[in-house]
Amino acid sequence: MNKTFTLTLLFLFGVLAAFTQNNFFVAVSGHVYQDSSMIAVPQHLVNATITGSGMVQTATFITDDDGFYSGTFTGISSGTLDVSTISCNGQEISYSVTFSPGNNVFEFDFW
């Protein structure tokens, strides 16, 4: 009985170690400006979606007083990142990129 418990415990630690090694992430940040004058737009919504490995994650970020937004997604190693917002004149502006473990930090400015 004790041997079975020890083997089970070792197996569980092995599985846990395998999952903790899966530290994939995608980071996105940037600024939202009124136009090319670079006047920051505070409290503005920016939407982001990552798709990969049969999974989809979405998030909505709100810019701070300097028009800055940022966020991180975890758990998907490669796929597509789509980031969008609505401009001050009501038109959607968007970016789309592919990401992978070596290409996973992005900055998108909107104006």
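Residues numbered from 1 in each chain as written. Predicted model: local features only at pLDDT ≥ 70, side-chain atom pairs only at ≥ 80, totals over all residues. Heavy atoms only, no water.

**Some thoughts on the pairing of strand 4 (residues 68-74)**
Heads up, the rule is: Summary of the burial criterion: residues with accessible area below 20% of their type's maximum are buried, those above 50% are exposed, and those between are partly exposed, where the area comes from a 1.4 Å probe applied to protein chains only. Here a helix means four or more residues in a row that DSSP labels H or I, a strand means two or more in a row labelled E, and each is numbered from the N terminus. One bridge is not enough; two strands pair if DSSP finds at least two bridges between them.
Burial along strand 4 is one-sided: Tyr69, Gly71 and Phe73 are buried, and none of Phe68, Ser70, Thr72 and Thr74, which face the opposite way, are. Bridge count for strand 1 (residues 25-31) against strand 4 is seven bridges, and the pairing is antiparallel. Along strand 4, the bridge assignment pairs phenylalanine 25 with threonine 74.

**A short note on the confidence of the model for the protein chain**
Definition in use: Scored between 0 and 100, pLDDT is the confidence that the predictor attaches to each residue. Whether two residues are in contact is decided by their heavy atoms, any of which lying within 4.5 Å being enough.
Across the protein chain, the average pLDDT comes to 87, with 80% of residues at or above 70. Confidence drops under a pLDDT of 50 for residues 15-21, and excluding neighbours within four residues, the segment shows zero contacts in the predicted structure.

**Some thoughts on the packing of aromatic side chains**
Note the following rule: Working definition: a ring pair exists when centres of Phe, Tyr or Trp rings (six-membered ring for Trp) sit within 6.5 Å. Plane angles under 30 degrees give stacked, over 60 give edge-to-face, the rest tilted.
Tallied over the entire structure, the rule returns seven aromatic pairs. Ring centres of phenylalanine 61 and tyrosine 69 lie 6.2 Å apart, and the angle between their planes is 20 degrees; this geometry places the pair in the stacked category. On the accessibility criterion, phenylalanine 61 (11% relative accessible area) is buried. Classification of tyrosine 69 by relative accessible area gives buried; the value is 1%. Ring pairing ties together the aromatic residues Phe61, Tyr69, Phe73, Tyr95, Phe106, Phe108 and Phe110, which thus form one cluster.

**Structural notes on the sheet that holds strand 7 (residues 105-107)**
Counted only if it meets this: For helices, the fitted axis covers only the stretch in contact; all axes are lines through C-alpha atoms, and the angles between them, taken along N-to-C directions, range from 0 to 180 degrees.
Within the open sheet, the three strands sit side by side as 4-1-7. Their pairing is mixed. Sheet topology places strand 4 and strand 7 at the edges, where each strand pairs with a single neighbour. In this sheet, neighbouring strand axes are inclined to one another by 10 degrees on average, regardless of whether the strands run parallel or antiparallel.

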